[in-house]
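Here is what each chain is made of, one letter per residue.
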Amino acid sequence: GPSSTRKRWRKLRNQVSTGLRRSAGRRRRRVAAWLVVNSMYAERVQFNMLCEQNMRNVWRKNAFRMLVARCTDVGTDRSDAELGRCVDAFLERLDFQVDNLVRGRETFRQRLEGLEAAFADLLNRDKDLPQVRHIIDLATWSIEADKMANTGPARAASASASAPAAAAATA
C-alpha cells in the first residue's frame, strides 16, 4: 500500500543522501590532497629558483667589484673583454633557438653545473668555488631526499642519515 511506498521512498532518499555526503567527503579529501601536492610543487620551484639566484650572486659580486674598480674604463678605449664579461654576468639572455634533435631532460644539478662552468672565470677558486659547490650539493641533496621519500621509508631513513653529513662536509 501507500505506507510501504512511502517507507521505500524514505529509505531510498536516505540512501541517496548518505551516498552524497560520502561523495562530498571524498571530494573534499581529494581537493585537500591536490592543494597540498601543488603547494609542495610550488615550494620546490621556489627553492630551485633561490638556489640558482644564490649561485649567480656569487660571481655577480666579483663582477660588480671589478666594474666598480674599473668604472672609468667602461665605454672607453680601455674597456676590454674582461669588463664585457663582467657586464654579461648581470644579463640573463633568452634563447629561442630550437634544436633539430630531441635531447634528454636536463636535471637541475646539470643546469647548476652548467652555470658554474659558464661563469668559472668570474669565480675565485679558493673562496667562491666551495660556496658554489655547497649550493649545488644542497639543491641536489634536497631533490634526492624527495626521491628517496617517495620510494619508501627504509631508503628515506638511510638518505636522511647520510645526506646532512655530506652537505656539512661541503660547507
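Because the structure is predicted, anything quoted here is derived from the model rather than measured.

1. Some details on the overall build of the protein
Next up, step 1: Secondary structure assignment for the protein yields 5 helices and 0 strands.
Next up, step 2: A separation of at least 24 residues holds for 66% of the contacts in the protein among residues at least 6 apart in sequence.
Next up, step 3: Working note: accessible area of the protein is about 13,000 Å², and carbon and sulfur atoms make up 58% of it.

2. Considering the nonpolar core
Next up, step 1: One finds Met55, Trp59, Leu112 and Leu122 to be the most contacted residues of the largest nonpolar core, which totals 20 residues.
Next up, step 2: Going through the elements one at a time, helix 1 (2–69), helix 2 (81–88), helix 3 (108–118) and helix 4 (128–151) are the ones with two or more residues in this core.
Next up, step 3: Considering each element in turn, this core owes the most residues, 6 residues, to helix 1.
Next up, step 4: Apart from residues lying up to four places away in sequence, Leu122 is in contact with Trp59, Asn62, Ala63, Arg85, Cys86, Ala89 and Asp128.

3. Some words on the confidence of the model for the protein
Next up, step 1: The predicted model of the protein averages 81 in pLDDT, with 86% of residues at 70 or higher.
Next up, step 2: Looking over the protein, one finds the lowest element-wise mean pLDDT in helix 5 (residues 153–170), namely 44, and the highest in helix 3, namely 93.
Next up, step 3: With pLDDT under 50 throughout, residues 155–171 is counted as low confidence; its partners more than four residues away or in other chains account for 13 contacts.

4. Details of the packing of aromatic side chains
Next up, step 1: Tallied over the entire structure, the rule returns 1 aromatic pair.
Next up, step 2: Between Trp59 and Phe119, the aromatic rings sit 4.8 Å apart at their centres with planes inclined by 10 degrees, giving stacked as the arrangement. With a gap of 60 residues between them, Trp59 in helix 1 and Phe119 in the loop between helix 3 and helix 4 connect regions that are remote in the sequence.
Next up, step 3: A relative accessible area of 0% places Trp59 in the buried class.
Next up, step 4: What makes Phe119 buried here is its relative accessible area of 8%.

5. Here's the deal with a positive patch on the surface
Next up, step 1: There is a patch of like positive charges on the surface, built from Arg21, Arg22, Arg26, Arg27, Arg28, Arg29 and Arg30.
Next up, step 2: Position of Arg27 relative to the elements: it lies in helix 1.

Reading guide: rules and limits
- Residues numbered from 1 in each chain as written.
- Predicted model: local features only at pLDDT ≥ 70, side-chain atom pairs only at ≥ 80, totals over all residues.
- Heavy atoms only, no water.
- Helix = DSSP H or I, 4+ residues; strand = E, 2+ residues; numbered from the N terminus.
- Contact = heavy atoms within 4.5 Å.
- Areas by Shrake-Rupley, 256 points an atom, 1.4 Å probe, with all protein chains shown as cover.
- Core = buried A, V, L, I, M, F, W, Y, C linked by side-chain atoms within 4.5 Å.
- Buried < 20%, exposed > 50% of the residue type's maximum accessible area, 1.4 Å probe, protein only.
- pLDDT = per-residue confidence, 0-100.
- Phe/Tyr/Trp six-rings, centres within 6.5 Å; stacked < 30°, edge-to-face > 60°.
- Patch = residues over 30% accessible without salt bridge, like charges linked within 9 Å, V, L, I, M, F, W, Y side chains within 5 Å.
- Salt bridge = Lys/Arg side-chain N within 4 Å of Asp/Glu carboxyl O.
- Lys, Arg positive; Asp, Glu negative; His and termini not counted.
- Charge placed at Lys NZ, Arg CZ, Asp CG, Glu CD.

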